[in-house]
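For reference, the chains in residue letters:
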Amino acid sequence: MAGDPETAAVIERQSEAYFEALTEVWERMSQGQATRVVSGLYPGAQDLEVGAEPTEHPVALRTQAWLEANAEAPAALRRLLIEEQDQLLRGLRAQAAAQA
């Protein structure tokens, strides 16, 4: 991640906590509340390192890993993550195009 190492470390820790809490958030909250939390806290505002591939970004990889590991998660939760991942990848691809 671009920026200083301390900021990158904080973002990485928070991203991991986000993915670890997804199932519990979905189970404990109403669907409306959980939807707002899942979408609102998704770590989607990311920078792409120069020369990096968008699909290899740590958050994109972590999202894919969560989806693969949680194939039995509720469809609505999976849909939200797929949509958030898609939005992240669009932004990263735009950054890659601007870097070219």
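Just above sits the structure.
Presented here is an overview of the structure given in this document. (Residues numbered from 1 in each chain as written. Predicted model: local features only at pLDDT ≥ 70, side-chain atom pairs only at ≥ 80, totals over all residues. Heavy atoms only, no water.)

1. Re the overall build of the protein
Right, so step 1: A count of helical and extended segments in the protein gives four helices and zero strands.
Right, so step 2: Dimensions of the protein, computed from C-alpha atoms along their principal axes, come out at roughly 45 × 25 × 20 Å.
Right, so step 3: Here the protein, with 100 residues, has 29% of them falling under the buried criterion.
Right, so step 4: On the protein, roughly 6,200 Å² of surface is accessible, and the fraction owed to carbon and sulfur atoms is 53%. (Helix = DSSP H or I, 4+ residues; strand = E, 2+ residues; numbered from the N terminus. Buried < 20%, exposed > 50% of the residue type's maximum accessible area, 1.4 Å probe, protein only. Areas by Shrake-Rupley, 256 points an atom, 1.4 Å probe, with all protein chains shown as cover.)

2. Some points on the packing of aromatic side chains
Right, so step 1: Scanning the entire structure with this criterion turns up three aromatic pairs.
Right, so step 2: Ring geometry for Y18 and F19: centres 5.1 Å apart, planes at 90°, overall edge-to-face. We note that Y18, like F19, is buried.
Right, so step 3: Ring plane angle 85° and centroid distance 6.3 Å describe the contact between F19 and Y42, whose orientation is recorded as edge-to-face. Within this pair, whereas F19 is found in helix 1 (residues 5-28), its partner Y42 is found in the loop between helix 2 (31-41) and helix 3 (58-69), the two being separated by 23 residues in sequence. Grouping residues by exposure puts F19 and Y42 together as buried. (Phe/Tyr/Trp six-rings, centres within 6.5 Å; stacked < 30°, edge-to-face > 60°.)

3. Here we look at the pattern of salt bridges
Working definition: two side chains of opposite charge can pair if their charged atoms are close together.
Right, so step 1: Taken as a whole, this structure holds four salt bridges when the rule is applied.
Right, so step 2: When the shortest N-O distance is used, the salt bridge between R62 and E16 registers 2.9 Å. Taken as a pair, R62 in helix 3 and E16 in helix 1 lie far apart in primary sequence, 46 residues in all.
Right, so step 3: You can call E16 partly exposed: its relative accessible area is 30%.
Right, so step 4: E24 is the salt-bridge partner of R28, the closest N and O atoms lying 2.9 Å from each other. Taken as a pair, R28 and E24 lie in helix 1 at a separation of four residues, close to a single helical turn. (Salt bridge = Lys/Arg side-chain N within 4 Å of Asp/Glu carboxyl O.)

4. Overview of the side chain of T63
Right, so step 1: With respect to the helices, strands and loops of the structure, T63 is situated in helix 3.
Right, so step 2: For T63, a relative accessible area of 0% translates into the label buried.
Right, so step 3: At 2.6 Å, the side chain of T63 and the side chain of Y42 are in polar contact.
Right, so step 4: Here T63 is in contact with F19, Y42, L81 and Q85, once residues within four sequence places are set aside. (Polar contact = N/O pair within 3.5 Å; in protein donor to acceptor, adjacent residues only side chain to side chain. Contact = heavy atoms within 4.5 Å.)

5. Focus: the nonpolar core
As a rule of thumb, soluble globular proteins bury nonpolar side chains together.
Right, so step 1: In this structure, Y18, L22, V38, Y42, W66, L77 and L81 are the most contacted members of the largest nonpolar core, which totals 20 residues.
Right, so step 2: Those elements giving two or more residues to this core turn out to be helix 1, helix 2, helix 3 and helix 4 (75-99).
Right, so step 3: When residues in this core are grouped by element, the largest group, six residues, is from helix 4. (Core = buried A, V, L, I, M, F, W, Y, C linked by side-chain atoms within 4.5 Å.)

6. Focus on the packing of helix 1 against helix 4
Right, so step 1: Running from amino to carboxyl end, helix 1 crosses helix 4 at an angle of 145°, the nearest separation of the two axes being 11 Å. Note that helix 1 runs across helix 4; the crossing there is right-handed. Of the residues in helix 4, those touching helix 1 at Y18, L22 and W26 are A76, L77, L80 and L81.
Right, so step 2: Tallied by class, residues from the contact of helix 1 with helix 4 come to seven nonpolar, no polar and no charged. (Axes fitted to C-alpha atoms, helices over the stretch in contact; angles between N-to-C directions. Left-handed = near helix turned anticlockwise from the far one by under 90°. Nonpolar A, V, L, I, M, F, W, Y, C, P; charged D, E, K, R; others polar.)

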